[in-house]
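Notes for the structure review
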Amino acid sequence: MTNRLTVSRTIEELAGFRPVLEPMLSMFRPLLEARASLAESLVPSVAEGGFSLPAWDSEKGRQGVPLLRSADLSGLEKAAGTAAAALLPILEGLRPFEAWKPALRAFLSDIPAFLRLSEAFLDGRDEALAEAAEASGMPPAAVLFVLESVLGPVIRAASGAEAPWDSHPAAWRSGECPVCGSAPIIGYLDPKPLDEDNPALYGGGGGQHLHCGTCGTEWHFRRGCCPVCGAEDEGVLQTLQVEGINRGERLVWCTKCGSYYPVIDLRERIGWPDLATMALGMVHLDIIAAERGLQPARPSFWNQFQA
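Just so we're clear, the structure is a prediction, and the values are computed from it rather than from any experiment.

Let us look at the overall build of the chain. The helix and strand inventory of the chain stands at 10 helices and 7 strands. Since a compact globule built from 307 residues should have a radius of gyration of about 19 Å, the 19 Å found for the chain is in line with a globular shape. With 307 residues in all, the chain has 52% of them scored as buried. In the form shown here, the chain has an accessible surface area of approximately 13,900 Å², with 51% of it arising from carbon and sulfur atoms. Separation of charge centres in the chain, based on 26 positive and 38 negative side chains, amounts to 3 Å.

On to the nonpolar core. One finds F28, L91, F97, L108, V150 and V179 to be the most contacted residues of the largest nonpolar core, which totals 99 residues. Excluding its chain neighbours within four sequence positions, the residues that come into contact with F97 are L91, L104, M138, A142, F145, V146 and F301.

This next bit is on the side chain of S174. Turning to its location among the elements, S174 is positioned in the loop between α8 (140-159) and β1 (184-189). There is a polar contact of 3.0 Å between the side chain of S174 and the backbone nitrogen of E176. When residues no more than four places from it in sequence are discounted, the contact partners of S174 are G64, W219 and F221.

Moving on: helix α7 (residues 126-136). Residues of α7 that are buried include every one of A128, L129, A132, A133 and S136, and no others. Looking straight down α7, one finds that the buried residues subtend no more than 140° of arc, so they occupy a single side. Exposed residues on α7 whose side chains face more than 90 degrees from its buried face are E131, E134 and A135. Contact partners of the buried residues in α7: α5 (101-109), α6 (111-122) and α8.

Among the secondary structure elements, S159 is positioned in helix α8. Take S159: its relative accessible area is 12%, and that puts it in the buried class. There is a polar contact of 2.7 Å between the side chain of S159 and the backbone oxygen of I155. When residues no more than four places from it in sequence are discounted, the contact partners of S159 are L53 and V179.

What counts and how
- Residues numbered from 1 in each chain as written.
- Predicted model: local features only at pLDDT ≥ 70, side-chain atom pairs only at ≥ 80, totals over all residues.
- Heavy atoms only, no water.
- Helix = DSSP H or I, 4+ residues; strand = E, 2+ residues; numbered from the N terminus.
- Rg over C-alpha atoms; globule rule 2.2 N^0.38 Å.
- Buried < 20%, exposed > 50% of the residue type's maximum accessible area, 1.4 Å probe, protein only.
- Areas by Shrake-Rupley, 256 points an atom, 1.4 Å probe, with all protein chains shown as cover.
- Lys, Arg positive; Asp, Glu negative; His and termini not counted.
- Charge placed at Lys NZ, Arg CZ, Asp CG, Glu CD.
- Core = buried A, V, L, I, M, F, W, Y, C linked by side-chain atoms within 4.5 Å.
- Contact = heavy atoms within 4.5 Å.
- Polar contact = N/O pair within 3.5 Å; in protein donor to acceptor, adjacent residues only side chain to side chain.
- Arc of directions from axis to C-beta.

Below, the structure is given as structure tokens:
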């Protein structure tokens with residue numbers, strides 16, 4: 001965790017290196033900063049509601065069952081209400097939500113219903129999200145974006161710093177988040193090899209971590225395996241990066257399922273960028289991927305070009 005940059009500092013670096021992204025980075029900056037700072041302030045509310053993350057179950061971990069699958073979130077009502085109140089004006093200020101402000105306010109005013117929908121999301125019940133979108137008048141992508149934006153800091157506040165899924169290579173082998181089950185928004189390669197006595201273990205480079213697009217959890221994930229479809233045949237994953245100076249930015253895409261995710265190689269950078277901001281700052285690679293007919297592992301406004 002050494003030398004992690006703030007959202008603000010990461011945006012400054014990205015805008016200086018790639019000025020064309022400055023308007024989009026500025027638009028999302030308040031949301032990124034608020035989400036990064038909210039989790040710590042929500043910890044007392046989570047404790048007051050009596051909610052705690054389920055204990056790690058090694059057998060379920062080996063089966064790829066996230067901690068919050070089938071969880072009861074009713075104890076998070078106060079924390080979710082606080083997060084919704086803090087993020088509502090910021091979400092209203094995003095250009096995609098200009099036409100949906102009344103629907104957005106209504107959606108975040110009923111916190112018990114919001115938590116029930118969150119439970120459906122964590123259980124993978126997509127039909128519930130589709131029904132919520134129809135009832136709210138917002139597109140499904142907008143409903144999902146709002147849900148993840150508000151729920152993410154709440155889950156992070158409940159998660160703490162422990163990471164039992166990293167205790168052993170076989171503890172968690174899924175490409176989905178071990179806490180909430182979301183797809184990764186970005187991956188990164190460690191500045192140093194995981195095994196310094198055997199640097200060839202990862203092709204002479206660092207081990208890979210994935211970063212959750214919802215709650216920000218990070219976990220080890222083997223290189224050479226697609227986190228979406230699980231394919232790990234030789235050559236199934238390919239790398240896409242622009243020529244010239246790229247500061248370790250690349251996309252990893254799967255030749256089997258056609259999905260991709262951005263990766264930042266920290267061995268090629270000074271400082272550790274904010275990863276959610278970095279995912280947004282690699283939209284130029286998302287455009288190239290879209291032109292090739294590839295689909296992001298974790299869709300969002302910028303990689304679906306709805307902003």
